[in-house]
Each structure stands twice: as C-alpha cells, then as structure tokens.
Amino acid sequence: MASSKVYALFEGVTIAVDSLRANKVRAGLTILGIAVGVFVVVLMSAAVHGINASVARDFESTGPTTFFVSRYPISFEACDGSGETCKWLRNPPLRMNELRGMEQIPSVLAAGARLDMSAPVKYKDRSLSSAQVIGYTPNWTIIDGGGDISPGRSFTAIENSSAAPVVLINDEMAERLFGEADPIDREVQIKGTNFRVIGVYHYKASFLSGGNRSRAIIPIEAAKRHLNAWTDQIGIAVVPLKSVSRDEAIDDVTAYLRGLRGLRPSEESSFAIITQDKLFETYNKIFGMFFLVMIVLSAIGLIVGGVGVVAIMMISVTERTREIGVRKALGATRGTIMWQFLVEAVTLTGIGAAVGFVVGWLGALGIRSATPIEASIPPLAILAAVAASVLTGVLFGLFPAARAARLDPVEALRYE
C-alpha cells in the first residue's frame, strides 16, 4: 500500500512536470501568482526579522531602564489639530535648567539632552548637502551606549559650556570628506562655521538611527550658538541609578518637573515620559499594520495563483478524460485518481513556492547589502512558504481532482 502511494506520488510529479512543458505559458502564469505571494511573505519576514533585531540591539545599547522626557507624546490619538483635542500642543519646550535639575535628583545617574538638525558640511572642495548634525551634552557617551571613539576623544564639559566649535564625525562622513587622510585637528565647515574635528565616532548603523548616513556630533551649546539650532525640540534621556527601579526614577523626575512648572494635582503633565516599552509598543503597532498589509497582498497573489491552479487542472482533467477512463477500467479507484491530481496541483504550487522563495532570499541579500537592515529569513517564514504552497495546491486542486475521480469510466472511454 505504501509503495503504491509512493509510486503514485512520483507519477503525479512526473505528469505535472510534463504538463508544465506542454503548457508553458499557462503554467508559467500560475507559477507566477504563487511565486509572488511566497516572495512577499519571505521578503517581508526577512526584512521585519532584521528590523526587529536592529531595534532590539538599539534598545539594549541604550539600556533597558533608560527613559526619555519629551515635549510631546509619541502617540497622538483623537487629535484634529485643535487645542481641545491636542492639548499637548500647548506643552512648553524642555529647557536646559530643567535638565540640570534632573541631574541633581538622587535616583538619577545621568540625564542628557539631544538636539537634532540637518546642515551642509564642507571640507575644501568636498561637501555634503545635508548631513545629520546632533548636539549633545558632554555625558552623551554614558547615555548613548553604543559605538566607540577612535582616534580622538569626545568634547569636555568646559568645551560645551563655552560653545567650543569642535566636532566628532562618523566613519561615513570621514570617508566622504577626507578619504584615507587623518581627519583629526582638521577643520570642516558646518553651515558656514568652522569646526575642528576632535574624534571619529564608530557605531553600527541601524534602522532607528537612520542607517549608514553621514553624521556629526557637536556640543549642544555650540549647536545653539553657532548654528542657531531650534531649541524647542530638545529631548532628554534619563538613566536611573542601578540601585533604584526605573519607575521610581520616573516618579521622581515627574514630581520634579511638575513642581518646577507649578502644575496643580488636577492638571495634566505638560511633558511626556516615554519608556522603551512604550517605544516598542508603538513600533510594533506601526510595523504590525505594515506587515498585515503585506500578508494581505501575498494572500491575493496566492489566490490568483490558486485560480490558475484550478484552471490548469480542469484543462488537464478534460484533456486526459480518456486516460482516466482507461485507468478506471483497469481497476484504479476514485482515491487513486484523486490522489494523482492532488499531487499534480501541489507540485505546481510547490514549484511556484520554490521560485518565490529563491527570489525572496535574493531580495533579502540585496536588502542586507544595500541597507542597515540585517535581513535574514527566519525558519518560520520557510515553514509558512511551504505550508502556503501545499495548502493552496490542496484547496484549489481539490475540485479538479474530485471531478476527475467522479468520471464514469464508460463515458470517459467514449470521450474524444
């Protein structure tokens, strides 16, 4: 019994391949539909897997207990742009005196400010039209957590307070402006102002950091004084002491800011505390919806391919009606006939899945080499691709197989 099933399996695969050769265009369109659906599943799974790994690494480098104080929350539900529904629009910006006060809170190890902007950077005849420029407080290396500085150093508290025009550049900027030359102690122009390079900062490009782009780090006071940076969008990161919990530090920072801003107990806070849990939740919502759309698109591809499977298998049944009659006359059962046609359908969708998987794998390699996303295909995506192809073959091949199995042998033998 088992040997007959195996024989029928190989026979079905052989017949399916012969059918593909005989009807190349028709079979090719069917395979294309399945391949597109599997390709989308594989590629999106690889990209999302890589992005998740990158985001997790960024959170880990920042520290699991680090939290952020922001002027605005990261989710703006039920906001139509008016002051009634968007009360956070009235929040005053964070100020440096508030940062200095946070540093004095007993439960806080470090608190640092960050100010982002874009600006042209130039060295002699080489220029970057829009590089990322970040103004940091001197303790940024404690809070940032990732990367290292070599050669050179970071800026000091004195250099920050005096708004010294010094800058650290990343590998990408160093390569584009200086090539193989040593950038230390050379001067670059940022928005027309000369800044002396004091260090090269190495960090692993990631999805959240914006990829491998040219980046310059300067003292936050230098950003305010020399580049007229818009200080209303300053963000503050807070690192609690290891001996206290994150929630305790959050309560202390919240109480301090509310007291400093003179807020009554009944009034809402005029600032936002953003934890990494909240960031990850927001990230999951955004990418969850994105991934859902991609799954729907891949399902449409599989349905289109499935309709093609029905069409090609029905034609196959019609073309082989006499053959089916002969096989039934020789003792083939309904189950045998049905099994053969189901194997043919699954083989057809399996070839489509294999094509989609290979193209998806090549796409993942392309994403990995061209972007900071370390795309990799998780085992679950491989199982999903195989399961989707088999399920599509069975579901859409069931009707043609059942029709072939129900053929009357006498009528089938008479078919011309």
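For clarity, every value in this text was computed on a predicted model and none was experimentally measured. (Residues numbered from 1 in each chain as written. Predicted model: local features only at pLDDT ≥ 70, side-chain atom pairs only at ≥ 80, totals over all residues. Heavy atoms only, no water.)

Novice: Tell me what's going on with the environment of Ser269, and back it up with residues and numbers.
Specialist: With respect to the helices and strands, Ser269 occurs in the loop between α8 (246-260) and β10 (272-274). Classification of Ser269 by relative accessible area gives partly exposed; the value is 29%. When the C-alpha atoms of Ser269 and Ala255 are compared, they prove to be 9.8 Å apart, with 14 residues separating the residues in sequence. (Helix = DSSP H or I, 4+ residues; strand = E, 2+ residues; numbered from the N terminus. Buried < 20%, exposed > 50% of the residue type's maximum accessible area, 1.4 Å probe, protein only.)

Novice: Lay out unusual backbone geometry in plain terms, naming residues and giving numbers.
Specialist: The residue after Ser150, namely Pro151, is reached through a cis peptide bond having omega -5°. Structurally, Pro151 can be placed in strand β4 (residues 148-152). With a phi close to 55°, Lys191 is a non-glycine residue in the positive phi region. Among the secondary structure elements, Lys191 is positioned in the loop between β6 (187-190) and β7 (193-202). Looking at Lys191, the relative accessible area reads 45%, which means it is partly exposed. Despite not being glycine, Asn228 has its phi angle at roughly 50°, a positive value. Position of Asn228 relative to the elements: it lies in the loop between α7 (220-226) and β9 (235-240). By relative accessible area, which is 64% here, Asn228 ends up exposed.

Novice: How would you explain the nonpolar core if you had to name every residue and give the values?
Specialist: Ranked by internal contacts, the top residues of the largest apolar core, which has 44 residues, are Val69, Val188, Ile190 and Ile236. If near-sequence neighbours (up to four positions away) are discounted, Ile190 is found in contact with Ala119, Pro120, Val121, Val133, Val167, Phe195, Ala216, Ile218 and Leu227. (Core = buried A, V, L, I, M, F, W, Y, C linked by side-chain atoms within 4.5 Å. Contact = heavy atoms within 4.5 Å.)

Novice: Could you give an account of a negative patch on the surface, naming the residues involved and the relevant values?
Specialist: Taken together, Asp148, Asp171, Glu175 and Glu180 make up a surface patch of like negative charges. Positionally, Asp148 belongs in strand β4. Overall, Asp148 belongs to the partly exposed group, its relative accessible area being 43%. (Patch = residues over 30% accessible without salt bridge, like charges linked within 9 Å, V, L, I, M, F, W, Y side chains within 5 Å. Areas by Shrake-Rupley, 256 points an atom, 1.4 Å probe, with all protein chains shown as cover. Salt bridge = Lys/Arg side-chain N within 4 Å of Asp/Glu carboxyl O. Lys, Arg positive; Asp, Glu negative; His and termini not counted. Charge placed at Lys NZ, Arg CZ, Asp CG, Glu CD.)

Novice: Explain the pairing of strand β8 (residues 215-219) residue by residue, including any values.
Specialist: The element β8 is largely enclosed, with a buried count of 5 among its 5 residues. Judged from the 2 bridges that link them, strand β5 (residues 166-170) and β8 form a sheet pairing that is antiparallel. Bridging from a neighbouring strand, Ile169 pairs with Ala216 of β8. (Pairing = 2+ DSSP bridges.)

Novice: Hey, could you go over the layout of surface pockets for me, with residue numbers and the actual values?
Specialist: Taken as a whole, the second largest pocket encloses approximately 310 Å³ of empty space. Lining the second largest pocket are Pro73, Lys87, Trp88, Arg90, Asn91, Leu263, Glu267, Glu268, Ser269, Ser270, Phe271 and Ala272. (1 Å grid on protein atoms, 1.4 Å probe; cavity = no way out; pocket = protein on both sides within 12 Å on 5 of 7 lines; lining within 4 Å. Points joined across faces, edges and corners; volume = space filled by probe spheres on them.)

Novice: Please set out helix α6 (residues 171-178) residue by residue, giving values where relevant.
Specialist: Among the residues making up α6, those that are buried are Met173, Ala174, Leu177 and Phe178. Viewed end-on, α6 has its buried residues packed into an arc of 100°, placing them on one side of the element. Its buried side turned inward, α6 meets β2 (108-123), β3 (126-136), β5, β6, β7 and β8. (Arc of directions from axis to C-beta.)

Novice: Give me the side chain of Asn139: which residues, what numbers.
Specialist: With respect to the helices, strands and loops of the structure, Asn139 is situated in the loop between β3 and α4 (140-144). For Asn139, a relative accessible area of 15% translates into the label buried. Of the polar contacts made by the side chain of Asn139, one reaches the side chain of Thr137; its length is 2.8 Å. Other than its neighbours up to four places away in sequence, Asn139 contacts Glu103, Ala110, Ala111 and Gly112. (Polar contact = N/O pair within 3.5 Å; in protein donor to acceptor, adjacent residues only side chain to side chain.)

Novice: Kindly report on the pattern of salt bridges, identifying the contributing residues and their values.
Specialist: Taken as a whole and judged by the stated rule, the model has 8 salt bridges. Between Arg261 and Glu98 there is a salt bridge, and its shortest N-O distance comes to 2.8 Å. Taken as a pair, Arg261 in the loop between α8 and β10 and Glu98 in helix α3 (residues 96-103) lie far apart in primary sequence, 163 residues in all. Judged by its relative accessible area of 5%, Glu98 is buried. A salt bridge links Asp277 to Arg246, with the shortest nitrogen-to-oxygen separation between them at 3.3 Å. With a gap of 31 residues between them, Asp277 in helix α9 (residues 276-319) and Arg246 in helix α8 connect regions that are remote in the sequence. Look at the salt bridges and you will find they share partners, linking Arg246, Asp247 and Asp277 into a network.

Novice: Describe the packing of α3 against α8, listing the residues and the values that go with them.
Specialist: At a closest axis distance of 10 Å, the pairing of α3 and α8 adopts a crossing angle of 140°. The angle between α3 and α8 places the two elements in the oblique class. For the crossing formed where α3 meets α8, the hand is right-handed. Residue-level inspection shows Asn97, Glu98, Gly101 and Met102 of α3 in contact with α8, the latter providing Val253, Tyr256, Leu257 and Leu260. Of the residues assigned to the contact of α3 with α8, the class counts are 5 nonpolar, 2 polar and 1 charged. (Axes fitted to C-alpha atoms, helices over the stretch in contact; angles between N-to-C directions. Parallel < 35°, antiparallel > 145°, perpendicular 65-115°, else oblique. Left-handed = near helix turned anticlockwise from the far one by under 90°. Nonpolar A, V, L, I, M, F, W, Y, C, P; charged D, E, K, R; others polar.)

Novice: Just give me the short version of the packing of aromatic side chains, but keep the residues and values in it.
Specialist: One pass over the structure, following the stated rule, counts 3 aromatic pairs. Relative to Phe178, the ring of Tyr123 lies with its centre 4.3 Å away and its plane at 45°, an arrangement referred to as tilted. Here the residue Tyr123 occupies a position in strand β2, and Phe178 occupies one in helix α6, the gap between them amounting to 55 residues. Put simply, the rings of Tyr136, Trp140 and Tyr201 pair up and form one aromatic cluster. (Phe/Tyr/Trp six-rings, centres within 6.5 Å; stacked < 30°, edge-to-face > 60°.)

Without other data, these values stay purely geometric and don't point to any function.
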